[in-house]
Amino acid sequence: VYGYDQSKKRIINLKKKFDTNNEIKSNFFNGKKITFFHEEKKLPDDSNIFIITVPTPVDKYNKPDLRALNLACNLVSKKYKKNDIIVLESTVAPGTTENFCLDIISKNTKLEKSEINICFSPERMNPGDKKNQLQNLNKILSANNNKSLLKCKNIYKKVCKKIFTTDSIKTAELGKLLENIQRDVNISLVNEIYKVCDIYNINYKKLLKICSTKWNFLNFKPGLVGGHCIGVDPYYLTYKAKVEGCEPHLVLAGRKINDEM
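Analysis parameters
- Each chain has its residues counted from 1, following the order in which its sequence is written.
- Local features in this predicted model are restricted to residues of pLDDT 70 or higher, and side-chain atom pairs are both shown and tallied only at a pLDDT of 80 or more, whereas totals for entire chains, interfaces and linings draw on every residue.
- Only hydrogens and water are set aside when side-chain values are computed; all heavy atoms of the structure are taken into account.
- Paired strands, as defined in this entry, are two strands with at least two bridges between them according to DSSP.
- A helix here means a DSSP run of H or I that spans at least four residues, while a strand means a run of E at least two residues long, and both kinds are numbered starting from the N terminus.
- By convention, orient the strands away from the viewer: a clockwise path from the first strand over the helix to the second makes the crossover right-handed.
- A simple rule labels every residue: compare its accessible area, found with a 1.4 Å probe on the protein chains alone, to the largest value its type can have, and call it buried under 20%, exposed over 50%, or partly exposed in between.
- By arc we mean the arc of the directions from the helix axis to the C-beta atoms, nothing more.
- Pairs of residues are marked as contacts when any of their non-hydrogen atoms sit within 4.5 Å.
- To define axes, lines are fitted to C-alpha atoms, for helices over the stretch in contact only, and angles between the resulting N-to-C directions are given on a 0 to 180 degree scale.
- Angles are sorted into four bins: roughly parallel if under 35 degrees, roughly antiparallel if over 145, roughly perpendicular if 65 to 115, and oblique for all others.
- Each crossing is labelled by how the near helix is turned from the far one, with a counterclockwise turn of less than a right angle marking it left-handed and a clockwise turn marking it right-handed.
- Under the scheme applied, nonpolar residues are Ala, Val, Leu, Ile, Met, Phe, Trp, Tyr, Cys and Pro; charged residues are Asp, Glu, Lys and Arg; polar residues are all the others, including Gly.
- The distinction between a cavity and a pocket rests on a 1 Å grid over the protein atoms alone: a 1.4 Å probe fits inside a cavity but cannot get out, while a pocket stays open yet meets protein on both sides within 12 Å along at least five of seven lines, and a residue with an atom within 4 Å of a point counts as lining.
- Grid points are joined across faces, edges and corners, and a volume is the space filled by probe spheres set on the points.

Draft legend 1. Local environment of the pairing of strand β7 (residues 162-166). Across five bridges, strand β6 (residues 138-143) lies against β7 in parallel orientation. Paired with K139 across the bridge in β7 is I163. Crossover connection from β6 via helix α4 (residues 146-156) to parallel β7: handedness right-handed.

Draft legend 2. Just helix α1 (residues 8-15), in detail. Looking only at α1, the buried set comprises I11, N13 and L14. The buried residues of α1 occupy an angular sector of 160 degrees when the element is viewed end-on, so they sit on one face. Exposed and facing more than 90 degrees away from the buried side of α1 are K9 and K15. On the buried face of α1, the contacting elements are β1 (2-4) and β2 (35-37). Of the residues flanking the end of α1, it is K17, one or two places downstream, whose phi is positive at about 65 degrees.

Draft legend 3. How the structure looks around the packing of helix α5 (residues 169-200) against helix α8 (residues 249-260). Contact geometry for α5 and α8: axes closest at 8 Å, N-to-C directions at 55 degrees. In terms of their interaxial angle, α5 and α8 are classed as oblique. Seen along the crossing, α5 lies across α8 with a hand that is left-handed. Note on element contacts: α8 touches α5 through L250, V251, G254, R255, I257, N258 and E260, opposite I181, D184, V185, I187, S188, N191, E192 and K195. Split into classes, the residues belonging to the contact of α5 with α8 amount to six nonpolar, four polar and five charged.

Draft legend 4. Highlighting the environment of K110. Tracing the sequence through the fold places K110 in the loop between α3 (97-109) and β5 (117-120). As for K110 and W215, which are separated by 105 residues in sequence, their C-alpha atoms are 57 Å apart.

Draft legend 5. Layout of the packing of helix α2 (residues 67-77) against α3. In the contact formed by α2 and α3, the axes pass within 9 Å of each other and the chain directions differ by 35 degrees. Between α2 and α3 lies a crossing whose hand is right-handed. Of the residues in α3, those in contact with L69, N70, C73, N74 and S77 of α2 are F100, C101, I104, I105, N108 and T109. For the contact of α2 with α3, the residue count by class is six nonpolar, five polar and no charged.

Draft legend 6. Focus on the layout of surface pockets. Counted as a void, the second largest pocket has a volume near 420 Å³. For the second largest pocket, the lining is made up of 20 residues, of which R124, M125, N126, N180 and I230 are closest to its centre. Its residues assigned to classes, the lining of the second largest pocket shows seven nonpolar, eight polar and five charged.

Pasting the structure below:
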């Protein structure tokens, strides 16, 4: 396994078996055949599986910022050979993997998009969570052909206990967004109720306590949405939906409420 990152500091730390994110301990590196480097020129020519995990933030106008993904696709396309497989784990809007990514790779490799094997497997890591980690999460996997799907499934099975496959990349892309949007919208509801409690001088903790006695009440708490992506991911859906002529009123309303918090 080759681990590449543009951050020299990050690579130096990993070579010293130190993870600055405090997600993995030093003994995890023992016995692993991993080579870390930050220089693009050291990218090997013999790799046949490329896993892209770059940030996909939004800009100051809340539009998707795909610059890092653009750079990554251009970088991988320099080393991509026919029959290789590319896996994208970054959060994107539906259609991005099969259009934005494949357009770049096809242009650079001179291969038809149908000749390029690509998978999408959204990351579900929850920073700081020591219980729900990669090895015991349900890993979603999709691909543009069955052969790549099966091959990637066998690879991910080495590190993940549970693999859930879908034959649609767009479904997997939207699924990742929905997971975070659902949390965002639910928290926006209790944030709004929190404001109502303030008006009537009601203790919101007592309110939630009595509501939680109902078997199907979802006990979300008011405050910040948490995480590094929940406040960002909804904009990937809303931007793309608007482009396609659909106005996602509820998602945007939830974002507005939570931003105000």
